[in-house]
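Each chain, written out:
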Amino acid sequence: MPWLSRALRWVWGLAAVAALCCLGTILVFAPGYLSPDSLDQLRQAEGKTPLTDWHPPVLSLVWRALIAVTGSFASMAVLQSVVLWGALWVLTWCVWELTESRAGSLAVLGLGLTPFVLTFVGVVWKDVHAAFALLAACAVALTGLRLRDGRTRPAVRWGLLWLGVLFLAYAMLVRKNAFVAAIPVFVMLVLALWRAPGRRTWVTCTAALVAALVVPAAAISLFARPLQTKQGAQIMLDDLVHVLKVEELRTADVSPELRDRLVAAARECRRVGALSDAYWACYQRPADGLRGDSGEITSLWLREMSGHVPHYLQYRLRLFAGLLFETDYPYKAGVSRNDLGIEVAHPRLEDMLDTYVTGMVTDVRWLFRGWFWLAVALVLAIRPGKGAFAMPVRALGISSAAYILGYLPIMPATNFRYLYWPVIACSLGLLLLWLGRRTPPPRPAPPGATADRAVTARQPADAGGQ
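Not measured: the values here are computed from a predicted model.

### A short note on the packing of helix α16 (residues 309–325) against helix α18 (residues 370–382)
- Taken N-terminus to C-terminus, the directions of α16 and α18 make an angle of 85 degrees; their axes are 5 Å apart at the nearest point. Comparing the axis directions of α16 and α18 gives the class roughly perpendicular. Side by side, α16 and α18 meet where L323, L324 and F325 of the first sit next to G370, W371 and L374 of the second.
- When its residues are assigned to classes, the contact of α16 with α18 shows five nonpolar, one polar and no charged.

Dropping the structure here:
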């Protein structure tokens, strides 16, 4: 009992530290750092502009609900900080109980103060929401891993599963390409809750994930009815403008108006040296954006890219190399100029954060480069160690590598925010790899047993695993 008392004091001491860090983060980022994308979603959340699907409508709807409850748009930045530090504290608790390492548990909590994580904590971006939702799902998975060999009731196990899949579904709703990162985390969640899940368990868990994803998506489409913007054509526009020659665009089988815009965009991109993001940098946007052009752009892309495979691959590889070796935009400074009267609440604190992050970018630039985090992700996926955390480490590595490589055909720019989830996941994976060396690997399930009926040293047959 005295040891248990000390352990609980340590856990709640870490909770107090996490709460202080959360409060400090809220103050530094108040009322939330906002880019033009963030401001656009804020206007939609406040009903000043129509809801669209150019940015994920789920983020604007969540923001709208927070404003309705709290009366302040700053509540979104508060929520982001609470989710981050809450997830880190749960992870810290799990690490402490599984390893009894004070240094290890403190190191996990300290991830939130590293410059490559702290830089975007209060920036209202879909990338940040996806990363924090995935991190929260990891916290649920490690909670399941901590409880798995105890006398865990089936209701608790299934409750943890539903909580985890809700976080995963939100990550995919708020960032479509987070699908490739969410699947390894989902596998980790199931394997953490059941030592060797049977077929029925996998089917049931997968159905829960699909339901958590499809039901909200259908509800948003039916009831919120966001305006369809055909944003996906933006990537195809980049390919057409940068892969085809101007002479080829002049003879493209599209309407004369679109043909002229494509030719003008190709010339303008070459003049200003814009390698990507042609829609914003070079394209003469009509009043309806891409809605009127998307059909012809898609048809032209399908016809032309099949005949320009070498040039298409060269262009995409060149752009991807920029993400790996010329990663830019590692810090979002304050609030972009706007007509809403929103400014940073504490300019001196913003200056302090700017100095901290940009100074570290200068001193240890490789921590803000895509190649480093891709290399770490591959190492974690291939060599996860043999300790108790081997399975989570491998899942985090696969999730990170899949997310980075998934940008190869769709990347619109070389921003550091596209690496935000891999940065968090790989940092956590490295810590778990280090801590796992001090803990024995989990005992294998009895031959022929599944998690639905496995018997462990401390747990009777689980009749609720179905």
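Here the narrative resumes.
### Section: empty space enclosed by the protein
- Tallied over the full model, the rule gives two cavities of 30 Å³ or more.
- Reported here for the second largest cavity is a volume of approximately 40 Å³.
- In this structure, the second largest cavity is lined by D37, Q41, H55, V124, W125, K126 and R417.

### Topic: helix α5 (residues 102–110)
- What α5 keeps buried is the set G104, S105, V108 and L109. Taken down its axis, α5 places every buried residue within 135 degrees of arc, on the same side.
- Between the side-chain oxygen of the N-cap and the backbone nitrogen of G104 there are 2.9 Å, and the N-cap of α5 in question is S101.

### Structural notes on the domain arrangement of the protein
- Domain parsing of the protein yields domain 1 (6–226 + 343–438) and domain 2 (231–326).
- When each unit is reduced to the centre of its C-alpha atoms, the spacing between domain 1 and domain 2 is 33 Å.
- Taken together, the 18 residues of domain 1 in the interface contact 19 residues of domain 2.
- Among the residues of domain 1 in contact with domain 2, W54, L408 and M411 are the three that bury the most area, contributing 41% of the side total.
- There are zero salt bridges connecting domain 1 and domain 2.
- Our count for the contact surface shared by domain 1 and domain 2 stands at six residue pairs in polar contact (both at pLDDT 80 or more).
- Taken together, the elements giving at least two residues each to the side of domain 1 that touches domain 2 come down to α18 and α19 (390–405).
- When residues of the side of domain 1 that touches domain 2 are assigned to their parent elements, the largest contribution, three residues, is made by α18.
- Residue composition of the side of domain 1 that touches domain 2, grouped by class: 14 nonpolar, three polar and one charged.

### A closer look at the layout of surface pockets
- In this structure, the largest pocket spans a volume of roughly 980 Å³.
- Taken together, 36 residues form the lining of the largest pocket, with W54, H55, K126, R175 and Q231 sitting closest to its centre.
- Elements represented by at least two residues in the lining of the largest pocket include exactly α2 (36–45), α3 (57–70), α8 (154–174), α10 (199–224) and α11 (233–243).
- The residue makeup of the lining of the largest pocket, split by class, is 20 nonpolar, nine polar and seven charged.
- Both domains that furnish three or more residues to the lining of the largest pocket are identified here as domain 1 (6–226 + 343–438) and domain 2 (231–326).

### Thoughts on the packing of aromatic side chains
- According to the stated counting rule, one finds 24 aromatic pairs in the structure shown.
- Plain terms: the ring middles of F120 and F416 are 6.0 Å apart, the flat faces sit at 50 degrees to each other, and that makes the pair tilted. With F120 in the loop between α6 (115–118) and α7 (126–147) and F416 in the loop between α19 and α20 (420–436), this residue pair connects regions lying 296 residues apart in the sequence. Neither F120 nor F416 differs from the other in exposure class; each is buried.
- Both rings, one in W125 and one in Y329, keep their centres 5.8 Å apart while their planes meet at 70 degrees; by these two values the pair is edge-to-face. Pair noted here: W125 is in the loop between α6 and α7 and Y329 is in the loop between α16 and α17 (347–363), with a separation of 204 residues, a long-range link.
- On the accessibility criterion, Y329 (34% relative accessible area) is partly exposed.
- Taken together, the ring pairs in this structure connect F116, F120, W125, F132, Y329, W366, F368, W371, F372, W373, F416 and Y420 into an aromatic cluster.
- Lying over the aromatic face of W10, R102 brings its terminal NZ or CZ to 4.4 Å of the ring centre.

### Quick notes on the pattern of salt bridges
- Counted by the stated rule, this structure contains 10 salt bridges.
- Among the ionic pairs, R417 bridges to D37, the shortest N-O distance being 3.6 Å. Here R417, found in the loop between α19 and α20, pairs with D37, found in helix α2; they are 380 residues apart in sequence, far enough to count as distant.
- We classify R417 as buried; its relative accessible area is 10%.
- For D339, the salt bridge goes to R43, with nearest N and O atoms at 2.8 Å. Placement of D339 in the loop between α16 and α17 and of R43 in helix α2 is noted, with a sequence separation of 296 residues between them.
- Here D339 falls in the exposed class, since its relative accessible area comes to 62%.
- Members of the salt-bridge network, linked through shared partners, are D37, D127, R175 and R417.

### Quick notes on α19
- In this model α19 runs 22 Å from its N-terminal to its C-terminal C-alpha over 16 residues, within 8% of the 22 Å that 1.5 Å per residue would give.
- What α19 keeps buried is the set A390, P392, V393, A395, L396, G397, S399, S400, A401, Y403 and I404.
- On the buried face of α19, the contacting elements are α7, α9 (179–193), α16, α18 and α20.

Reading guide: rules and limits
- Residues numbered from 1 in each chain as written.
- Predicted model: local features only at pLDDT ≥ 70, side-chain atom pairs only at ≥ 80, totals over all residues.
- Heavy atoms only, no water.
- Axes fitted to C-alpha atoms, helices over the stretch in contact; angles between N-to-C directions.
- Helix = DSSP H or I, 4+ residues; strand = E, 2+ residues; numbered from the N terminus.
- Parallel < 35°, antiparallel > 145°, perpendicular 65-115°, else oblique.
- Contact = heavy atoms within 4.5 Å.
- Nonpolar A, V, L, I, M, F, W, Y, C, P; charged D, E, K, R; others polar.
- 1 Å grid on protein atoms, 1.4 Å probe; cavity = no way out; pocket = protein on both sides within 12 Å on 5 of 7 lines; lining within 4 Å.
- Points joined across faces, edges and corners; volume = space filled by probe spheres on them.
- Buried < 20%, exposed > 50% of the residue type's maximum accessible area, 1.4 Å probe, protein only.
- Arc of directions from axis to C-beta.
- Polar contact = N/O pair within 3.5 Å; in protein donor to acceptor, adjacent residues only side chain to side chain.
- Domains from an automatic or database assignment.
- Buried area = accessible area lost by both parts, 1.4 Å probe.
- Salt bridge = Lys/Arg side-chain N within 4 Å of Asp/Glu carboxyl O.
- Phe/Tyr/Trp six-rings, centres within 6.5 Å; stacked < 30°, edge-to-face > 60°.
- Lys NZ or Arg CZ within 6 Å of the ring centre and 35° of its normal.
- Expected span 1.5 Å × (residues − 1).

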